[in-house]
Structure formats: C-alpha cells, structure tokens
Amino acid sequence: MRHVDAEVLIVGSGAGGATTAMVLAQAGHDVLVVEEGPEIEPGSLTPFGVDEMGLAYRHHGSSAALGSPPVAYAEGRCVGGSTEVNSGLWHRLPANLAEEWRGRFGLDEFSPEVLDGYADRIEAMVAVNPLPGPAPASSEVLERGATQLGWRSVEFPRAFSYDSAGRGTKQTMSRTLLPRAWDAGASLLADTAVTRLQVTGNRVVGAQCRRRRSDGTHEDVEIRADHVVVCGGAVQSPALLQRSGIRRGIGRGLKMHPTIKVAARFTDPVDHQDVPMHRITEFAPHLAIGGSASRRGHVALALADSGADIDEALADWRRVFVYYAAIRSDAGGRVIALPGMRAPLVTYRLTPGDLSRLARGAVHLGEALLAAGATELYPSIEGGSVVRRREDLVRWWDEVDRARASLMTVHLTSSIRMSSTRSLAGSDPFGKVWDVDNLYVNDASLLGDAPGVNPQAAIMTVALRNAEHLASTL
Amino acid sequence: MLMLERRVVAELTTSSDPALRGQVERWVEGSLDDMAEVLRLGVILESLMFSIWVAVRRPPDLQGLLGWLDVSPIPLLRSYARLFRSLVLFGELELDGSTTS
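From a predicted model like this one, the values you see are computed outputs, not experimental measurements.

Draft legend 1. Main features of the overall build of chain A. When helices and strands are tallied, chain A shows 12 helices and 22 strands. A compact globule built from 474 residues would reach a C-alpha radius of gyration of about 23 Å, and chain A, at 22 Å, matches this within 12%. Projected onto the principal axes, the alpha-carbon positions of chain A cover approximately 65 × 50 × 50 Å.

This is the structure we're talking about:
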C-alpha cells in the first residue's frame, strides 16, 4: 500500500474542489487534490460525444434517481468535474434565494451583497462573458418565440473567453482555478477514488483510496491528512460520508431540476455545435426554458422518447434541435450508500405539483417553439402526441404522467446543506460537518435548494466564501 | 454483458458494417459495465428472466420479446427495452464517423 501525507486533503476537483484548492494553496497550506476521474487535456474531446461520455462522465453519463417516474441524471467525473462537460452558462444565485436561505437556515455572512462580492471575484478569475457576436440560430429560436408571445427571455453569459475572431474557449476548472492551485503548490492525484474516510473519535485522520494505474491495474493508497474537505458533488459527497460512518443529516433533502425535453423540427437547418445561450425567463424561478446539447445522437434519443415513427425526422436531423423545460421541484430525494457497492442508491419522488409544473413547462415550451417557426414537436413522453399546431399542445397536459414522462437532470444539489441549526443540515453555516472537528464539505450539496438556474456560479460563490473562512481558521 | 444482452444489441443495431457493429457492442458493454451497481443488478435480473422467456419460445423470439416489452403496461419492463434502444441508437449514430456532425 502506498502512503501519502498532506495537510489538507480535498476530495474532488470540480467547481467546489478547485475553488477550495486554490484558496487554501494560495494561503500557504499543503494541499492534495484527489480526483476519481482522469486528467484530460482540455479541448481534446468532442463536447457531448461518445469519447467524452465514456471518459469524462460518471457511468458513461447515464445514472438514474429511482422514483415514479425515475429521473436520469449525469455527473462529470474527471479533473475539473462537471465544469469540463457542462455548457458553461453562468447565473448568479438569485438574491431572493440568498435571503430565503439566510433566514431559513440561519446563515451569517450570506446576504446578497456579501455573496455578490464573492461572485465578482470568481467571475474575474473564471472569465464570464456574453457571446461577442450574434447568438446561433438554435439560441435565437428561444428569443424569437418569447418575443412573439410577449414573454421575457435573456441571453446568459457563459464561463467562456473569446479571441479577437470570436472563437470561444470554455473556462473550465482545468483551465482556470486548478492551474492557480498548482502554481501555489497544490498537488493532484487523479484516477484515485476515495473509498472511505478514516474517522477516529471526532476527527478524520485519513482516507483509504484506490488508484487506477495507466496499465489498468489498481493500487491501494492511504492518505493521512490534518484536514479533509469533501467536494464530490451532491451525490458522491454524502455517499462518501455515509460509507465513512457519518450519517447525521447527510444524504437527505436532495434537490434537482427535473427536466422534460422536446425535439423541435424546423424548415431550415439549425446549428448543432453549441448549447443555446438564451433562456425564456417568463416563468422563472419555478420554470426555465432553454436548449440542450443536440448532436445527432441526442436528437435521435429525444425523437425516440415519444415512441413515434422517427425515421423521417431523424433523416432530417439537421433541422431538428432539442429544447427543454426545467422546474424547481417541491419534492426531495435521498442518497443512500449501500454496503459493498461503490455507487449509492439515489431516489427522488416527484410531487403531483411537480408533474403539473412539468406538463405546464412542456406546453409553454411547445408554444414558444411553434411561435418561433417549428413545424413539428416530439415530446419526451412515451406515446406522447407529435404536435404541429398550437391547439394540439393541450394533449400534453394529460400525457405528462408518472408512467410516461421521460425526465432527466444535470443539476443536483442540497443533499447535506449548511445551517446553524443541527436538525436542518449536515454541516454548520460554513460547511464543517457536525461532530467531526476537521471535516468539511464544499460543493453543490451545501446549497439550500435547487436554485432554478445553472448552479455553477452559486456553487463557486459559496465555495469561495467557505474556503476563505476555512483558511482563516486553519 | 450477458448473452441475451449481446443478442439484443445485435438485434437493435441497424448497420451492416461489422466494424461499426463491433464498436456499438463495445460502447454498450462499456456503458453497462460502468453503470451504478444497483441499476446494473436490476438489468441483470431482467436479462436473466427474459433469457428464460426467449429460450422457451420455439423458435426463440427476440423480436417478439422487444415488441412485447415496448408496449408493456409496467414501466420497469418498458425501461429495459428503452435502455438498450437508447444505448444502441446513440452509439450507432455517434460512432458512425461518416454521418456525425
């Protein structure tokens, strides 16, 4: 067995882990980042293609929260985490949510003004920019549909930098905060899964890990650390804590943005290289309408979800694009580590209100797409009606039910949470796990709820706040 | 990947190109191997059950099984066929370099 020592062990290298590593390394601490996935040369994989699905995603991009209906979800698993595979859309935590969480969970230093200060600094480090030129046709569809209906829409900035020719480069963690951490002396152990934290009394003394060598064989690694920060995301972080015997307030209250998709066919070809930057915000924060990755394979899956004969539409796939309606959900889920299994059981049970919101979302999405010029809509509802006229959208109200809705999400949050009240959360107001003196969490699992927008900005803002608090106490 | 699963993949793959068919099979096999254990266990149990169903039919009727699963009133059974159809469809279209954007 290999032994490694570190002052601070950070488990995970995504939005939370990278932020934490940078802050603590720059504060002069000896930081080791352990990442389960591989280190991948930025830009070397085709976004949303099979290679990326196989190498950079956990479970090849297809996991599922069990429930009625189940909700498919995807998580990144590589150096940089989900920031390497997401769309880079950037939206600060809405001020009303910050206020709500501050009151509900008793969080100090959590006012919108304070958080904006952290967000300003994160945005300067990551480089958050609007598209320098006009948005692609797939994105303008959303703006056009909203305008036709008198609805609000917004073109969101992204974590992208652009050169003088307008070519964009996504500002993932492996391109931004992780290099800052390495420059400050932090080190990386990739391809290494932390299987269990070693807890003695009220302290973590180390971690048991399993590292995959380049030849495919494995070696056991034991890491001894003075402090441990778990940043594996809303599914993996609670699972690791539970496997380590830490269960109080851990893994309950999982939140997500359940999402229903519609494949829309147009008369003209649509670009398929990017994810739309526009969102229809008329129904925010409870319902967001946007666009998804739409490579040929994604278009085929979205078309096939309806169960309709898709051959003709698939042959015309360059005129088809995939859009979605995502809701803020009343429901909650659980993450449960199972003995002898690496992956936890994840459950999520939608409420009747959630299903109603999803049906309303599908109908509003259909209205916008038809208003923007779509000629044919295929919903992700098994046996769902293919719609060509606005008056037929009413059918989707009845067709979105537990047995037939095909749902997915890429946003999972809130499975641990922060609070000054022990009964409300698994950690204190700055992410320290209750009853364990030197164990912290700093990732999406701390958010008080699913924010109704892409959570990366909120995760990094909270992570910067908590990491600086931690640096001041070490 | 179990024998029945391999046969389902072969049945659902439309390409006649042996190289692409092999790639698709490896893609599906990799996806199943990488699946969360609890989900994979469920799929294995279903595969074993359906292996028996197919074996007792004379002649063995894989196409009939998939058609029956597609219209089953039980969501769990429908999801079995849907899983394999999705993996094969995505893999076949994305691995076919001649047609992918």
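Okay, back to it.
Draft legend 2. Focus on the pairing of strand β15 (residues 287–291) of chain A. Most of β15(A) is tucked away: five of the five residues are buried. The side-chain alternation of β15(A) yields two buried faces, one formed by A:L287, A:I289 and A:G291 and the other by A:A288 and A:G290.

Draft legend 3. Looking closely at the nonpolar core. If you look at the biggest cluster of nonpolar residues, it comprises 180 residues, and the most contacted ones within it are A:L9, A:A21, A:V31 and A:L369. Take this core: its biggest share by element is 10 residues, from helix α5 (residues 75–95) of chain B. When near neighbours in sequence (up to four residues on either side) are disregarded, A:L369 contacts A:V141, A:G145, A:V262, A:A264, A:Y323, A:A374 and A:L377.

Draft legend 4. Focus on the interface of chain A and chain B. If you look at the interface, chain A gives 22 residues, while chain B gives 22 residues. Of the residues assigned to the side of chain A that touches chain B, the class counts are 10 nonpolar, eight polar and four charged.

Draft legend 5. The arrangement of helix α8 (residues 296–305) of chain A in detail. Among the 10 residues that make up α8(A), nine are buried, leaving the element largely enclosed by the rest of the structure. Two residues or fewer after α8(A) comes A:G307, characterised by a positive phi angle close to 80°.

Draft legend 6. Structural context of the sheet that holds strand β21 (residues 412–413) of chain A. Residues and elements named next belong to chain A. Overall, antiparallel pairing links the four strands, which are arranged β18-β17-β12-β21 in an open sheet. Strands with a single pairing partner mark the edges of an open sheet, and in this sheet they are β18 (345–348) and β21. When strand β12 (residues 252–256) meets β21, the two strands line up antiparallel, connected through two bridges. Bridge pairing links M256 to L412 in β21.

Draft legend 7. View of the packing of helix α1 (residues 3–12) of chain B against α5(B). All names here are of chain B. As a packed pair, α1 and α5 sit with axes 10 Å apart at the nearest point and diverge in direction by 55°. With respect to α5, the element α1 is oriented oblique. Taken as a pair, α1 and α5 cross one another with a handedness that is right-handed. Contacts between α1 and α5 involve V8, V9 and L12 on the former and, on the latter, F84, R85 and V88. A per-class count over the contact of α1 with α5 returns five nonpolar, no polar and one charged.

Reading the values: the criteria
- Residues numbered from 1 in each chain as written.
- Chains lettered and ligands numbered in written order.
- Predicted model: local features only at pLDDT ≥ 70, side-chain atom pairs only at ≥ 80, totals over all residues.
- Helix = DSSP H or I, 4+ residues; strand = E, 2+ residues; numbered from the N terminus.
- Rg over C-alpha atoms; globule rule 2.2 N^0.38 Å.
- Buried ≥ 20, exposed ≤ 12 C-beta atoms within 10 Å, placed from the backbone.
- Core = buried A, V, L, I, M, F, W, Y, C linked by C-beta atoms within 7 Å.
- Contact = placed C-beta atoms within 7 Å.
- Nonpolar A, V, L, I, M, F, W, Y, C, P; charged D, E, K, R; others polar.
- Pairing = 2+ DSSP bridges.
- Axes fitted to C-alpha atoms, helices over the stretch in contact; angles between N-to-C directions.
- Parallel < 35°, antiparallel > 145°, perpendicular 65-115°, else oblique.
- Left-handed = near helix turned anticlockwise from the far one by under 90°.

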